[in-house]
Amino acid sequence: MLYVVHAYDGTDEAALDRRMAIRPTHLDGVRKLKEMGQFVLGGALLSPEGQMIGSMMLLDFENEEQIQDWLSWEPYVQGKVWEKIDIKPFRQAQV
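Please read all numbers here as calculations on a predicted model, not as lab measurements.

Colleague: A description of the nonpolar core should follow, citing residues and the corresponding values.
Modeller: Counting residues in hydrophobic clusters, the biggest one holds 15 residues, and the most contacted among them are Val5, Leu33, Met57, Leu59, Phe61, Trp70 and Trp82. Secondary structure elements with two or more residues in this core: β1 (2–9), α1 (15–35), β3 (52–60) and α2 (64–73). Other than its neighbours up to four places away in sequence, Trp82 contacts Ala7, Tyr8, Asp9, Arg19, His26, Ser55, Met57, Trp70, Glu74, Tyr76 and Val77.

Colleague: An account of the pairing of β1 is requested, with residue identities and associated values reported.
Modeller: Burial runs high along β1: 6 of the 8 residues are buried. With 8 bridges connecting them, β1 and strand β4 (residues 82–90) associate as antiparallel partners. Paired with Ala7 across the strands is Ile85, a residue of β4.

Colleague: Any details on the pairing of strand β2 (residues 39–46)? Residues and values, ideally.
Modeller: Pairing between β2 and β3: 7 bridges, direction antiparallel. Looking at the pairing, Phe39 lines up with Leu59 of β3. Count of turn residues in the β2/β3 antiparallel hairpin: 5 residues, of which Gly50 carries a positive phi of about 90°.

Colleague: So, the pattern of salt bridges: which residues are in play, and what are the values?
Modeller: In total, this model carries 4 salt bridges according to the counting rule given. Residues Arg18 and Asp12 are paired through a salt bridge, measuring 2.9 Å at the closest nitrogen-oxygen approach. A relative accessible area of 24% means that Arg18 is categorised as partly exposed. Given the relative accessible area of 38%, Asp12 is considered partly exposed. Among the ionic pairs, Lys88 bridges to Asp86, the shortest N-O distance being 2.6 Å.

Colleague: Describe unusual backbone geometry, and please don't skip the residues or the numbers.
Modeller: With a phi angle near 60°, Lys80 is a residue other than glycine that sits in the positive phi range. Tracing the sequence through the fold places Lys80 in the loop between α3 (75–78) and β4. In this structure Lys80 comes out as exposed when scored by relative accessible area, which is 62%.

Calculation notes
Residues numbered from 1 in each chain as written. Predicted model: local features only at pLDDT ≥ 70, side-chain atom pairs only at ≥ 80, totals over all residues. Heavy atoms only, no water. Core = buried A, V, L, I, M, F, W, Y, C linked by side-chain atoms within 4.5 Å. Buried < 20%, exposed > 50% of the residue type's maximum accessible area, 1.4 Å probe, protein only. Helix = DSSP H or I, 4+ residues; strand = E, 2+ residues; numbered from the N terminus. Contact = heavy atoms within 4.5 Å. Pairing = 2+ DSSP bridges. Salt bridge = Lys/Arg side-chain N within 4 Å of Asp/Glu carboxyl O.

Fair warning: the whole summary comes from geometry, so function is off the table for now.
Structure (structure tokens):
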């Protein structure tokens, strides 16, 4: 099943620095998801000024247990980059 993830960074002064420090490890994790066929697409959410303020990902997991497993090792979660995470099932329109 597809899931859309909207994850928003903290808004404190050190938020962008945390993101940038952990970003290489986060991208390694995304590559791992891609190798397993679970990463569909994703990227950074931007402020009107073009600054990274969060992430959007479309992921393919079999169940909620796999989501929780991913969250348990996701570097942006472990490094407290993401402050708010919203995950919803997603159905792609067939047009």
